[in-house]
Amino acid sequence: MEETYVLTLEDKPKRFSELTLNFCGYSICQPRHSFGPAVRPGYILHFILSGRGSYQVGDCHYELKAGEGFLIEPDVMTYYEADAEEPWSYLWIGFQGTRADEMLNQLALSHGKLTFRADADCGEMLFAIVQEILRCGKNGLELDFFAQSALFRFFSCLAHYLPENSTEDAQHISNLHVHRAIEYIQTHYAGNITVADIAAHISVSRSYLSTLFQNTLGQSPSEYLANFRLTRGAEQLTITDLPVSAIAGLCGYRDPLVFSKAFKQKNGMTPTQYRKSNREAERITLEGSGRLRVSYR
């Protein structure tokens, strides 16, 4: 059993699409009290006020104590349990939104970093915010705006109290996201993948993935995917005798005409012209090096 205080807003209309509060609360747990294994639809941040416990995500196991916190991601199976000797008390706040993953990334929290430690005063500040929400006694539009402001103050508090290297950590996580996305593209470009598939693979939203690619590579994920496919197409045209239609399929294009149009737009010539031009250039190079013998009859 546990002593729990909670406010739920999940059943209310969502007025704020970028970031919105779903619920919040705090619990005073009994020894070995557990939750899960379970999957939750939104993000949840827990912060441990006292005691100890464990957090399990897949094969990863974390032993956590007061002053530390953990992130639960949407649609991920998790399990957590209070310590038998020093059961924890913790607060939590659940949220969702189109920019939720981006804001978490700025705090250096993501799929690759699910736990954190804050300075000593952070817990008191976060607990005060949660208690303020629980006691607010407001309804309707007033409650919505009050909860929204409290949610941003919660994030502001974390940003203030998390270690100073969080900016560097956030940049590392951003680079890691882009690296994983590129690996996925390079492995699956021949299939019918979309930007949504890439974003889902690395557990971020499409909009945030676009932001990462623009900031890191100066182009959108769809542009990178298209350029990568066309680059592979150019290689195949140079080193093989496969028909253009077959090369289009190998590069993820269902329609050879669409491939040809995109190829010409990128390279200034059709695939057939590109192949002929490169073969001619290769012949001239070989002749000049003496490695190609031409017989005249």
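No experiment lies behind these values; they were computed from the predicted model shown.

About the criteria used
Residues numbered from 1 in each chain as written. Predicted model: local features only at pLDDT ≥ 70, side-chain atom pairs only at ≥ 80, totals over all residues. Heavy atoms only, no water. Helix = DSSP H or I, 4+ residues; strand = E, 2+ residues; numbered from the N terminus. Buried < 20%, exposed > 50% of the residue type's maximum accessible area, 1.4 Å probe, protein only. Contact = heavy atoms within 4.5 Å. Areas by Shrake-Rupley, 256 points an atom, 1.4 Å probe, with all protein chains shown as cover. Salt bridge = Lys/Arg side-chain N within 4 Å of Asp/Glu carboxyl O. Axes fitted to C-alpha atoms, helices over the stretch in contact; angles between N-to-C directions. Parallel < 35°, antiparallel > 145°, perpendicular 65-115°, else oblique. Nonpolar A, V, L, I, M, F, W, Y, C, P; charged D, E, K, R; others polar. Expected span 1.5 Å × (residues − 1). Arc of directions from axis to C-beta. Polar contact = N/O pair within 3.5 Å; in protein donor to acceptor, adjacent residues only side chain to side chain. Pairing = 2+ DSSP bridges. Core = buried A, V, L, I, M, F, W, Y, C linked by side-chain atoms within 4.5 Å. pLDDT = per-residue confidence, 0-100.

This part covers the overall build of the protein. A count of helices and strands for the protein gives ten helices and ten strands. Looking at the protein residue by residue over its 297 residues, the buried ones come to 42%. Across the protein, the fraction of contacts at a sequence separation of at least 24, relative to all contacts at a separation of at least 6, is 72%. If you sum the accessible surface of the protein, you get close to 16,000 Å²; carbon and sulfur atoms cover 51% of it.

What follows deals with the pattern of salt bridges. In this structure the tally under the stated criterion is seven salt bridges. Linking glutamate 81 and arginine 32 is a salt bridge whose minimum nitrogen-to-oxygen distance equals 2.8 Å. Taken together, the residues glutamate 81 in strand β8 (residues 77–82) and arginine 32 in the loop between β2 (20–29) and β3 (34–39) connect sequence positions 49 residues apart. Of the charged contacts in the structure, one is a salt bridge between glutamate 102 and arginine 99, with a shortest N-O distance of 3.1 Å. Its relative accessible area of 15% is what places glutamate 102 among the buried residues. Residue class for arginine 99 comes out partly exposed when judged on its relative accessible area of 30%. What you see here is one network of salt bridges that share partners, running through Glu18, Arg99 and Glu102.

When two helices pack together, their arrangement is captured by the angle between the axes and the distance separating the axes. Orientation of helix α6 (residues 206–217) relative to helix α7 (residues 221–239), taken along the N-to-C sense of each, is 65°, at an axis distance of 8 Å. Viewed along their axes, α6 and α7 adopt a mutual orientation that is roughly perpendicular. Across from Leu209, Ser210, Phe213, Gln214 and Leu217 in α6, the residues of α7 making contact are Pro221, Glu223 and Tyr224. For the contact of α6 with α7, the per-class residue count stands at five nonpolar, two polar and one charged.

Between the first and last C-alpha of helix α2 (residues 122–134) there are 19 Å, a value that for 13 residues agrees with the 18 Å anticipated at 1.5 Å per step. Of all the residues in α2, the buried ones are Cys122, Gly123, Leu126, Ile129, Val130 and Ile133. On an axial view of α2, the arc spanned by its buried residues comes to 130°, and they lie on one face.

A rise of 1.5 Å per residue sets the reference length of helix α9 (residues 256–267), with its twelve residues, at 16 Å; its end C-alpha atoms lie 16 Å apart and thus fit the reference within 8%. Every buried residue of α9 is accounted for by Phe259, Ala262 and Phe263. For α9, the buried positions fall inside an angular range of 105° around the axis, keeping them on one side. Projecting away from the buried face of α9 at angles above 90 degrees are the exposed residues Leu257, Lys261 and Gln265. N-cap assignment for α9: the residue whose side-chain oxygen lies 2.9 Å from the backbone N of leucine 257 is aspartate 255. Immediately beyond the C-terminal end of α9, within one or two residues, lies glycine 268, with a positive phi of roughly 80°.

This paragraph deals with the pairing of strand β5 (residues 52–57). Here β5 pairs with strand β6 (residues 60–65) via six bridges, running antiparallel. Bridging across to β6, valine 57 finds its partner in cysteine 60. Between the end of β5 and the start of β6, which pair antiparallel, lie two residues, with glycine 58 showing a positive phi angle near 60°. When β5 meets β8, the two strands line up antiparallel, connected through five bridges. Pairing of valine 57 across the sheet is with threonine 78, part of β8.

If you look at the biggest cluster of nonpolar residues, it comprises 51 residues, and the most contacted ones within it are Leu45, Trp88, Phe95, Phe154 and Leu158. Top contributing element to this core by residue count: helix α3 (residues 140–161), with ten residues. If near-sequence neighbours (up to four positions away) are discounted, phenylalanine 154 is found in contact with Leu45, Leu91, Ile93, Leu126, Ile129 and Val130. Counting residues in each nonpolar core, the second largest holds 19 residues, with Tyr184, Ile198, Ala199 and Ile202 among its members.

Here the focus is the sheet that holds β3. Strand order across the open sheet formed by four strands is β3-β8-β5-β6, with antiparallel pairing between neighbours. For this open sheet the edge positions go to β3 and β6, each flanked by a neighbour on one side alone. Going from strand to strand, the sheet's axes swing by 15° on average, the running direction of each strand aside.

Another aspect to go through is the confidence of the model for the protein. Should pLDDT be low for a region, the predicted coordinates there are not to be read in detail. Averaged over every residue, the pLDDT of the protein is 85; residues scoring 70 or more account for 88%. For residues 292–297, every residue scores under 50 in pLDDT, and the model assigns this stretch four contacts once sequence neighbours within four places are set aside.

Among the structural elements, serine 220 can be located in the loop between α6 and α7. Among the residues examined, serine 220 registers a relative accessible area of 14% and is labelled buried. Reaching out from serine 220, the side chain makes a polar contact with the side chain of serine 222 at a distance of 3.0 Å.

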